[in-house]
Amino acid sequence: MDFPIIRERGQNEIFCGLTSIIWLHRKIQDAFFLVVGSRTCAHLMQSAAGVMIFAEPRFGTALIEERDLAGLADANEELDRVVARLLERRPDIRMLFLVGSCPSEVIKLDLQRAAARLSQAHAPRVRVLSYTGSGLETGFTQGEDQCLISLVPELPADTGSAPSLLVVGSLADIVEDQFTRLFRAMGIEDVRFLPARKADALPAVGPGTRFLLAQPFLGGTARALEERGARRLEAPFPLGVEGTTAWLRAAAAAFGVDEPRFHEVTAPAVERARAAVERTCEPLNERRIFFFPDSQMEIPLARFLRQEAGMELVEVGTPYLHREHMAPELAQLPADTVLSEGQDVDRQLDRCREAHPDLVVCGLGLANPLEAEGMTTKWSIELVFTPVQGYDQAADLAELFARPLIRRAKLRV
Ligand code: SF4
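No experiment lies behind these values; they were computed from the predicted model shown. (Residues numbered from 1 in each chain as written. Predicted model: local features only at pLDDT ≥ 70, side-chain atom pairs only at ≥ 80, totals over all residues. Heavy atoms only, no water.)

Peer 1: Please set out the UniProt feature "binding site: [4Fe-4S] cluster" (unreviewed entry) in the chain residue by residue, giving values where relevant.
Peer 2: Under the UniProt annotation, "binding site: [4Fe-4S] cluster" (unreviewed entry) lies at Cys16, Cys41 and Cys102. For the annotated residues, spread through 87 residues, the largest C-alpha to C-alpha distance comes to 9.5 Å, consistent with a single compact locus. The topology assignment puts Cys102 in helix α5 (residues 102-106). Leave out the neighbours within four places in its chain, and Cys102 touches Ser134, Gly135 and Leu136. (UniProt positions renumbered as here; feature names shortened; annotations may be inferred. Helix = DSSP H or I, 4+ residues; strand = E, 2+ residues; numbered from the N terminus. Contact = heavy atoms within 4.5 Å.)

Peer 1: Lay out the sheet that holds strand β14 (residues 377-379) in plain terms, naming residues and giving numbers.
Peer 2: With parallel pairing, the 6 strands of this open sheet are ordered in space as β1-β12-β11-β10-β13-β14. Edge positions in the sheet fall to β1 (5-9) and β14, since each of these pairs with one other strand and no more. The average undirected angle you get between the axes of adjacent strands in this sheet is 15°. Direction of pairing for strand β13 (residues 359-362) relative to β14: parallel, over a ladder of 3 bridges. When the bridges of β14 are listed, Cys362 appears paired with Trp379. (Pairing = 2+ DSSP bridges. Axes fitted to C-alpha atoms, helices over the stretch in contact; angles between N-to-C directions.)

Peer 1: Hey, could you go over the site of the ligand for me, with residue numbers and the actual values?
Peer 2: Taken together, Cys16, Leu18, Cys41, Leu44, Ser101, Cys102 and Gly135 form the complete shell of residues around the ligand. Among the residues making up the shell around the ligand, the classes are represented as 5 nonpolar, 2 polar and no charged. (Near = heavy atom within 4 Å. Nonpolar A, V, L, I, M, F, W, Y, C, P; charged D, E, K, R; others polar.)

Peer 1: For the sheet that holds strand β7 (residues 191-194), give the residues involved together with the corresponding values.
Peer 2: Taking strand neighbours across the sheet as the criterion, the 4 strands line up as β7-β6-β8-β9 in an open arrangement whose pairing is parallel. Lying at the two open borders of the sheet, with one neighbouring strand each, are β7 and β9 (231-232). Sheet analysis places strand β6 (residues 164-168) next to strand β8 (residues 209-213), joined by 5 bridges and oriented parallel. The residue of β8 that forms the bridge with Ser164 is Thr209. The strands touched by helix α10 (residues 240-254) within the sheet are β6 and β8, with β8 carrying the most contacts at an inclination of about 175°.

Peer 1: Could you give an account of the packing of aromatic side chains, naming the residues involved and the relevant values?
Peer 2: Evaluation of the coordinates by the stated rule reveals 8 aromatic pairs. Members of the aromatic cluster, connected to one another through ring pairs, are Phe15, Trp23, Phe140 and Phe385. (Phe/Tyr/Trp six-rings, centres within 6.5 Å; stacked < 30°, edge-to-face > 60°.)

Peer 1: For the pairing of strand β10 (residues 288-291), give the residues involved together with the corresponding values.
Peer 2: Pairing between β10 and strand β11 (residues 312-318): 4 bridges, direction parallel. Opposite Arg288, over in β11, you have Glu312 as the bridge partner. Remark: the β10/helix α12 (residues 298-309)/β11 crossover connection has right-handed handedness. Here β10 pairs with β13 via 3 bridges, running parallel. Bridge pairing in β13 links Phe291 to Val361. (Right-handed = clockwise from strand over helix to strand, strands pointing away.)

Peer 1: I'd love a proper account of the packing of α12 against helix α13 (residues 323-330), names of residues and values included.
Peer 2: Two numbers describe how α12 lies on α13: the axes approach to 10 Å, and their chain directions differ by 5°. On the basis of the axis angle, α12 is roughly parallel to α13. For the pair formed by α12 and α13, the contact residues are Ile299, Pro300 and Arg303 on the first element and Met326, Glu329 and Leu330 on the second. Grouping the amino acids of the contact of α12 with α13 by side-chain chemistry returns 4 nonpolar, no polar and 2 charged. (Parallel < 35°, antiparallel > 145°, perpendicular 65-115°, else oblique.)

Peer 1: Give me the lowdown on the domain arrangement of the chain, citing residues and values where you can.
Peer 2: Domain annotation of the chain identifies domain 1 (17-138), domain 2 (164-276) and domain 3 (277-412). A C-alpha centroid distance of 33 Å is found between domain 1 and domain 3. (Domains from an automatic or database assignment.)

Peer 1: Any chance you could break down the layout of surface pockets for me, citing the residues and the numbers?
Peer 2: The computed volume of the largest pocket comes to approximately 420 Å³. In terms of lining residues, the largest pocket is bounded by 19 residues, among which Leu111, Gln112, Ser130, Tyr131 and Ser150 are the most central. Those elements giving two or more residues to the lining of the largest pocket turn out to be α5, α6 (111-122), β5 (127-132) and α7 (142-151). Of all the elements, β5 adds the most residues to the lining of the largest pocket, at 5 residues. Taken together, the residues that form the lining of the largest pocket break down as 9 nonpolar, 7 polar and 3 charged. (1 Å grid on protein atoms, 1.4 Å probe; cavity = no way out; pocket = protein on both sides within 12 Å on 5 of 7 lines; lining within 4 Å. Points joined across faces, edges and corners; volume = space filled by probe spheres on them.)

Peer 1: Give me the lowdown on the nonpolar core, citing residues and values where you can.
Peer 2: Core analysis: the largest hydrophobic core is formed by 105 residues, its most contacted members being Phe33, Phe97, Phe183, Leu225, Leu284 and Phe401. What Leu225 contacts, discounting residues up to four positions off in sequence, is Val152, Leu155, Leu166, Val168, Leu194, Val205, Phe211 and Ala230. If you look at the next biggest cluster of nonpolar residues, it comprises 20 residues, including Phe32, Val83, Leu86 and Leu98. (Core = buried A, V, L, I, M, F, W, Y, C linked by side-chain atoms within 4.5 Å. Buried < 20%, exposed > 50% of the residue type's maximum accessible area, 1.4 Å probe, protein only.)

Peer 1: Just give me the short version of the pairing of β5, but keep the residues and values in it.
Peer 2: β5 sits mainly inside the fold: 5 of its 6 residues count as buried. As paired strands, strand β4 (residues 95-100) and β5 are joined by 6 bridges and run parallel to one another. Among the inter-strand pairings, Met95 is bridged to a residue of β5, identified as Arg127.

Peer 1: Could you give me a rundown of empty space enclosed by the protein, with the residues and numbers involved?
Peer 2: In the structure shown here, the tally under the stated rule is 2 cavities of 30 Å³ or more. Roughly 40 Å³ of internal volume is contained in the largest cavity. Every residue along the wall of the largest cavity is listed here: Leu212, Leu213, Arg232, Leu233, Ala235, Pro236, Phe237 and Trp247. Taken as a whole, the second largest cavity encloses approximately 30 Å³ of empty space. Lining the second largest cavity, in full, are Ile28, Met95, Leu151, Pro195, Ala196, Lys198, Ala199 and Leu202.

This is how it looks when you write it as structure tokens:
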């Protein structure tokens, strides 16, 4: 379908890929994320994760000081020392990610080579990998894509003859468990997840692997898996009742589950979720929503809000439009939906002010000024931190959008 797309390549307001560590470190329970960066990177991590307190945090920053930037110190030697000290103090770490940043790129620190060297030094106890979370190259959800790309070569080869299902993208454990139960009830027994919860439980992959993307920002990971012979199942994303049903159905079709069985397994959850969504959506009905580009989740969210909550789409921004992965989502949007790809933040703000929507979905940096102008906003980052996929979370997802509207109405009263 041909949508009117506004393509912009101006200044954009978005967190860098380091931010994804906040949810990734919770997912891979024996991993540590070592940002090789500056005090700015450390501050970002601290404030983004500020609400959480850990006795033993699983991310940290190896600081690049001015001496390193000036080329006066050997950054590799310092990195080796920091890693040795960390691993000695923390025997629970099984996988260590060296995460690149803008400063590590500026001094051209080769983290891939450092990871290979450190992996050798600390094998077999710890596997060391690297990826970039630099703001020069990544937006916040792209950090997860980069992390998973670095994991793909580590996945064991699947030499079995029976097909297996791989769900790709970080999901809350509770959501993973719900999906596993549904797949098993349909008769799909061999279900694996990437990333896995433990470093030594990496899923095997091969030509028998059929994978479903659980998150819409994993274009690079999908490509890397396809290069290992895995096949992507085309589906919308599992947001809302309809998205979840279509996502599950894609797996059912690939694994030969017949329609009566599929219906029998999903019907009770569908019924429950529809009733819950209906109860929650009332404040959203016929309200106008504007998405600034941020997480790449905007298009599936827009589809859900229009289809199941009756919202009107003013503009749906996305940092990057992956036409192939988004095709099943785009097919469900009205033909006159205004999409925008990339950003020129001032121009987009002008469009937003002119349209004066009921709800604006945007990053933290834009939310406060827009609220001060009398608009109602929703922080897009919350949508990544909160379990929103699947049937049992569909009403929670609607509620995330309803809450700011209810709050605004109360303030007016
Ligand atoms: Fe800032 Fe770059 Fe560090 Fe991100 S990686 S916090 S954009 S300096």
